[in-house]
Every structure is written in C-alpha cells, then in structure tokens.
Amino acid sequence: MDGAKLEGKTVAEHIVDFLERREVKHVFGLCGHTNIAVLAALAESPIDFVTVRHEQIASHAADAYARVTDKASVVLSHLSPGLTNCATGVANAALDCIPMVVIAGDIPTHYYGKHPHQEVNLHADAAQWEIYRPFVKRAWRVDRADLMAEILEKAFHLAESGQPGPVLVNVPMDIFSEVIPSDSFDRIRDNTRALKKPSIDDESAREIVEALAKAENPVAYVGGGILLAQASEELREFVEHMGLPVAHSLMGKGALRDDHPLVLGMTGFWGTELVNQSCLNADYIFAVGTRFKEADCSSWYPGYTFNIPGSKVIHIDIEPQEIGRNYPTEIGVVADAKAALRVLNRVAREMYPDGFKRPALEQKIADFRTDFKARNLEMAISSAFPMMPERILADTRKALPEDAIITTDVGWNKNGVGQQFDILTPGSILTPGGFATMGFGPPGAIGAKLAAPDRVVLSLVGDGGFGQNPSMLATAVELDLGIIWLVMNNNAFGTIAGLQKAHYGLTYGTTFPGSAEAPANGPGYADIARAYGAEGHRLSAADELLPALEAAIASGKPTVLDVPMINNPTPTTGHWNILDIYSPDKDVSHVAT
Ligand SMILES: Cc1ncc(C[n+]2csc(CCOP(=O)(O)OP(=O)(O)O)c2C)c(N)n1
Ligand SMILES: [Mg+2]
C-alpha cells in the first residue's frame, strides 16, 4: 500500500451512527472475532452493548425488549455457533411477530468456500445466513460495503412494517472494516419510510357493524395483533359500544384488562368452559389481530373451542395470509387493528348511537368468575407444601402492582397463567406463544427491565425453563437489574411428565431424581443465584411466598425465589390433537383430579 488512506469511516462505524440516528439505546449480543470492529465502534457510542453469556439470552432479551418498546430491537452476533445459538430466540420472536434486526459477522469474502475457520459451507459456500431463511422475514448477505446503508434501512423497515418480525443482516467481517465515504448513508438520512397504516373503508365497516348488530350471540376474538398495534383503547371502545364479549388467544391476553366485565378469557387447550362454550355458540366471531393458531383453537376440532363453519367469521389482520387459512371466513379485511377499529368506532356510533348492552351476558361472566374463583379458592389459599400452583399465582398477583411486567416461560407458568392470572395492563405479559420456547422467560425479563426500568419485572418460570439459561444471571447482576425470577419448581418437566403419565403411565425422561420437596441432585437455584451475586431464597413453607415477593420488590435487587411446587397438570376443557395420536382409543384428558 502506498499509505494513502481513504477518507471516511469504517462500515462498522457507519452502522453505529445509523443505529444512533434511529435512537437505538441497547444492542444485545456476544462477541467473536468477526464482530469486534462493531464492538469497537459501539464503545465510542452512547448505545449500551448488553453482553450475555449465551447468544440465546441475547435474542430472548431483545425479543422482550422489542415487545416493551414497540420498536425493532438489535442483536449483534458472531458467526456460525454464535448465530445458531441465537437462532432459537430469533425464531421465537418470528413466531410471535416481534420486530428485530440481527446483525451477524461472517467469514471474510475472500475466503468464501475455502473452509476458513468456522465457515458454514457444506451445501453452499459461506451459507450461514441461509440457516435463518425459514423464520426471518428476509435474510441479507451483504456482499458489498456500499450496499450496507440501504440494506440496513430496508432491514428496519421490513422488521417493523406489516406483520412485524425479525430480519438478518449477515456481514462478512472484512466488510465491517472497510472504510467507505458517507454518501450511501447520507442518501438515506431523510428517508424515514414512516408509513401510514392500511385501514378499512366505511362501506366495509358498515357491513361489519351491521352483521354484529344483528347477530344474536356475537363474540369478539382478539390476538396479539391488538397489542402490536397498540389498539387496546380502540378495542375497549368498540366492544363496549357493541356489547361484545371478548375471548382472546394466549398472545391476546391483556388486550383488555382481564377484570373487564366483557372479558371471557383465553380460548383453546387451556381455555375455561365459559370461553370455549361462548365461542362454540357464537353466530358471529369478530376476530382481530389473531391467527387462529392450533393451541388457541383446540387443534381446530369442532366442539371444543370453535364451531366453524357454523359460526361466521369476520377477520381483520394486517397480513393477508392469516385470513381464511384455518377457517372459512365471511368478511376478511387487511388492515392495521388500530386504524380499522377507529373507523369501526366512528361508523358504529353513526349507525347505532345508543350502542348495545347485554346485562344478562355481563352477569353470566361475573357469575362464572365468582364460581371459578370459588372452585379454585381451596387451592389458591392452600398451605400445602410443596405449593399448589394456584396459590403461587394468587400470591404473585397480590404482591405485584397492576402494571408489573410478567415474563412467562412454558409450563404451568404459561398455561395456568393464561387461564387464571389476571393481567391488568395491556402489554404487561410477555409470553412465548408460537414457538413456546422453554428458556424464554428468564432472559426475556432482562430485556423487559432494560426497556422499562421503573416497572416491576417478574419472570414466572418452571425449574426446567430456568435451568436452560441460568447464566443470564451474570448479565442481570452486572447491570444491577432488580428482576425477580420465581421458579415454580416441581422437580420435573412437569407439563410433559403429565402428558406421558396420562398416555403411558410413567414419567421416563420427564422428571428429575428426588421430589419437589427434596430434589435428589437437582441444582439449588437459590445457591446458583447467590453464586452469580444475586439474591437467592428457597422457600420452606407456603406462607413465606407473599412476604418474600414483597421483600424482593422492595429491595430492587436481582432475586431468585425457588418455590417448591406440586406437580399437577393445568386443568383444561380444550382438546389437543396429540391426545388422539397417543391414545386414539381412549378419552384421555388432563383435568387435574
Ligand atoms: C426448548 C424447548 N424444549 C422442549 C420443550 C417441550 N416442553 C414443553 S413444556 C416442557 C416442560 C417445562 O418444564 P418446566 O419449565 O419445569 O415447567 P412445568 O411444565 O414443570 O410447569 C417441555 C420440556 C419446549 N417447549 N421448548
Ligand atoms: Mg417443572
């Protein structure tokens, strides 16, 4: 080289400038030799790099962070093993429509196909980005430095628009270090790409309002699309005006406060009798921002959650592919939930200024709730130890402020929470819906707390789920994040143990040695927490839980509460197709006895 150096910044520095302009505050990730140029640029930036000990922690934390901030989160990954470690969290975000931009380092361009250190290359050269193709909205491999600006812009744009989701920007490491002039980044500066969201026309809105007004037993059925579109207020206004009872999917939990007089509850496998029966008997289902997924629809079997055809479906969703896929649909509308509900509210008031009241229905809902709570009361106040899951949930609700953020995992903490834990602030429950990823909740709480430092954040998780990523404690302690992890510890992969027991009469490979009270060689989660520098307490009586929760909230310190719990399945009135695969000739159910 003659010593002449191109004026300008490296691509890594341009990327960090770009992220700053987008007001990114945190990047989640883990280092490797392919991405240290980006880390060096981040070191000079007000953006905080959140270092984790396993890339899955980064992608789950980023997922939860995006759910709370309502903006695309950013993950920085190393190549190959870093990117595959990260994949579970990215796929989890994808299935729940969470916007995320993953930036990954890769092998240098001049070594494509030569099997350099850590190249993914058996079917194609330098092909690690293809691993992500089935679950990201788009995967880019950046092969020229001057394309970085527009690819980044497209990446954020695509992640956040339409049905949101993750995207991958895969960058050969030599490109990060290339010095380029700023013109390609300057060109996109004023191109905000802020889009007006698609709405509904008045004529279609009138058609929908009229159908719902004339229906005898209409039911609104809402999903996570309401929360993604921040349309809770508009939904409340519409259902109150039209007098519609509201059923919701797991992801739609909290779209309307659970104690609202019109809320029926969560549908599907773990739905209650009231919600499943109301949906079965509906003549019209007014579905918004939902995908009629298997778990929410009792495997689409008639007679358990929905009777469609039979009930007529009106379906509003931002993504055309969601409409009419699983059920025949009478009126389908591609629109943003908030925009569409605004129009529907105006049209409904024009057409029916007095609205509709269904006092008998509201009474029925109130009676069911009273009865359901009474039936659960014995368990909700039980002093049994190991604890009843119902009591753990009841005490936790009591201890938490209304706007506390809960992350769930997979197990009682998700299925039982969906069924019987009241969510009182929209968007305050973060749950792995589509992928049902065990291990999501504990690191998810880190993202939630970083996004909302002033709110109480609690991770409700099983012992199986907590055991997946305990090293997330290192990050939480380093950042002094006052999160509470409540481990519902039944010394088992309890949900699967319940299934296996019901079908095969045994628990092989699904429980851990010893018992919930005395795990034989199970890790002491409280000890693990203390070893990482967090607070850790193992409970020895049911009455200790409420004070322990209150103390943990007051302390503001990262705290693990290891709570021994009895291994009972979550009671259900729904149905799951696997029951017929395992026991076609038997009427197996998982109702706790
Ligand atoms: C990553 C992953 N592996 C396996 C499963 C299958 N699975 C669903 S629930 C469950 C058990 C969860 O155990 P735990 O966290 O202790 O909660 P519990 O069911 O005992 O309440 C398993 C293994 C999964 N959902 N995700
Ligand atoms: Mg368990």
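Residues numbered from 1 in each chain as written. Chains lettered and ligands numbered in written order. Predicted model: local features only at pLDDT ≥ 70, side-chain atom pairs only at ≥ 80, totals over all residues. Heavy atoms only, no water.

Thoughts on the side chain of H60
Okay, so step 1: For H60, the position within the fold is in helix α3 (residues 55-69).
Okay, so step 2: Within the local environment of H60, its side chain forms a polar contact with the side chain of Q56, the two groups lying 3.0 Å apart.
Okay, so step 3: When residues no more than four places from it in sequence are discounted, the contact partners of H60 are T88, G89, N92, T437, G439, F440, P443, G444 and N469. (Helix = DSSP H or I, 4+ residues; strand = E, 2+ residues; numbered from the N terminus. Polar contact = N/O pair within 3.5 Å; in protein donor to acceptor, adjacent residues only side chain to side chain. Contact = heavy atoms within 4.5 Å.)

Details of a nonpolar patch on the surface
Okay, so step 1: A grouping of Y504, L506, Y508, I581 and Y582 is seen on the molecular surface, where their side chains present a nonpolar patch of about 620 Å² in accessible area.
Okay, so step 2: By relative accessible area, which is 56% here, I581 ends up exposed. (Patch = residues over 30% accessible without salt bridge, like charges linked within 9 Å, V, L, I, M, F, W, Y side chains within 5 Å. Areas by Shrake-Rupley, 256 points an atom, 1.4 Å probe, with all protein chains shown as cover. Salt bridge = Lys/Arg side-chain N within 4 Å of Asp/Glu carboxyl O. Buried < 20%, exposed > 50% of the residue type's maximum accessible area, 1.4 Å probe, protein only.)

Some thoughts on the environment of P432
Okay, so step 1: When you line up the elements, P432 lands in the loop between β16 (429-430) and α16 (441-451).
Okay, so step 2: Residue classification places P432 among the buried positions, given a relative accessible area of 0%.
Okay, so step 3: C-alpha separation for the pair P432 and Y111, spaced 321 residues apart in sequence, amounts to 38 Å.
Okay, so step 4: When sequence neighbours within four positions are dropped, the list of residues in contact with P432 reads N92, D96, T408, D409, V410, K414, T437 and F440.

Things to note about the site of ligand 1
Okay, so step 1: Contacts to ligand 1 come from 16 residues, most closely from D463, G464, G465, G494 and T495.
Okay, so step 2: Between ligand 1 and G494 there is a distance of 2.8 Å, counted from an oxygen atom to a backbone nitrogen or oxygen.
Okay, so step 3: Separating an oxygen atom of ligand 1 from a side-chain N or O atom of T495 is a distance of 2.5 Å.
Okay, so step 4: Protein contact buries 77% of the 580 Å² of open area that ligand 1 shows by itself.
Okay, so step 5: Top contributing element to the shell around ligand 1 by residue count: helix α17 (residues 463-468), with four residues.
Okay, so step 6: Classifying every residue of the shell around ligand 1 gives seven nonpolar, eight polar and one charged. (Near = heavy atom within 4 Å. Nonpolar A, V, L, I, M, F, W, Y, C, P; charged D, E, K, R; others polar.)

Brief notes about the domain arrangement of the protein chain
Okay, so step 1: As far as domains go, the protein chain holds domain 1 (3-186), domain 2 (202-363) and domain 3 (381-582).
Okay, so step 2: Placing the centre of domain 1 and that of domain 3 at their C-alpha centroids yields a distance of 32 Å.
Okay, so step 3: Counting from both sides, the interface comprises 22 residues of domain 1 and, opposite them, 27 residues of domain 3.
Okay, so step 4: In this assembly, domain 1 packs against domain 3 so that about 1800 Å² is buried in total across both faces, 68% of it on carbon and sulfur atoms.
Okay, so step 5: In terms of surface lost to domain 3, no three residues of domain 1 exceed R53, I57 and V68, which account for 29% of the buried area on that side. (Domains from an automatic or database assignment. Buried area = accessible area lost by both parts, 1.4 Å probe.)

Here we look at the coordination of the magnesium ion (ligand 2)
Okay, so step 1: Summarising the metal site, the magnesium ion (ligand 2) is bound by the protein donors D463 (OD), N490 (OD1) and A492 (O), whose distances to it range over 2.0 to 2.1 Å.
Okay, so step 2: In the primary sequence, the donor residues of the magnesium ion (ligand 2) line up as D-x26-N-x1-A. Of this pair, D463 sits in helix α17 while A492 sits in the loop between β18 (483-489) and α19 (494-504), and the two are 29 residues apart along the sequence. There is no split in this pair, since D463 and A492 are both buried. (Donors = N, O, S within 2.8 Å, 3.2 Å for Na, K, Ca; no water.)

A short note on the sheet that holds strand β7 (residues 166-172)
Pairing between sheet strands relies on hydrogen bonds along the backbone, with the strands arranged either parallel or antiparallel.
Okay, so step 1: The strand order across the open sheet formed by six strands is β3-β2-β4-β5-β7-β6, and the pairing between neighbours is parallel. Strands at the two margins of the open sheet, each flanked by one partner only, are β3 (48-51) and β6 (139-141). Taken over all neighbouring pairs, the strand axes of this sheet differ in orientation by 20° on average, direction set aside.
Okay, so step 2: Relative to β3, strand β2 (residues 26-29) is paired through four bridges, and the arrangement is parallel. Its bridge partner lying in β3, F28 is registered against V50.
Okay, so step 3: Lying on the sheet, helix α2 (residues 36-43) is in contact with β2, β3 and β4 (73-77); it crosses β4 at an angle near 130°. (Pairing = 2+ DSSP bridges. Axes fitted to C-alpha atoms, helices over the stretch in contact; angles between N-to-C directions.)

Regarding the pairing of strand β5 (residues 100-106)
Okay, so step 1: Burial analysis of β5 places seven of its seven residues in the buried class, the great majority of the element.
Okay, so step 2: Residues M100, V102, A104 and D106 line one face of β5 and the alternating positions V101, I103 and G105 line the opposite face, and both faces are buried.
Okay, so step 3: Sheet topology places β4 next to β5; five bridges connect them, and they run parallel. Within β5, the position partnered with L76 by the bridge is I103.

Here's the deal with the sheet that holds β16
Okay, so step 1: Read from one edge to the other, the open sheet built from six strands follows the order β16-β15-β17-β18-β20-β19, with strand pairing classed as parallel. The strands lining the two open edges of the sheet, one partner per strand, are β16 and β19 (535-538).
Okay, so step 2: Looking at chain direction, β19 and strand β20 (residues 559-564) are connected through four bridges and run parallel. Each residue of the ladder has a partner; that of R538, found in β20, is D562.

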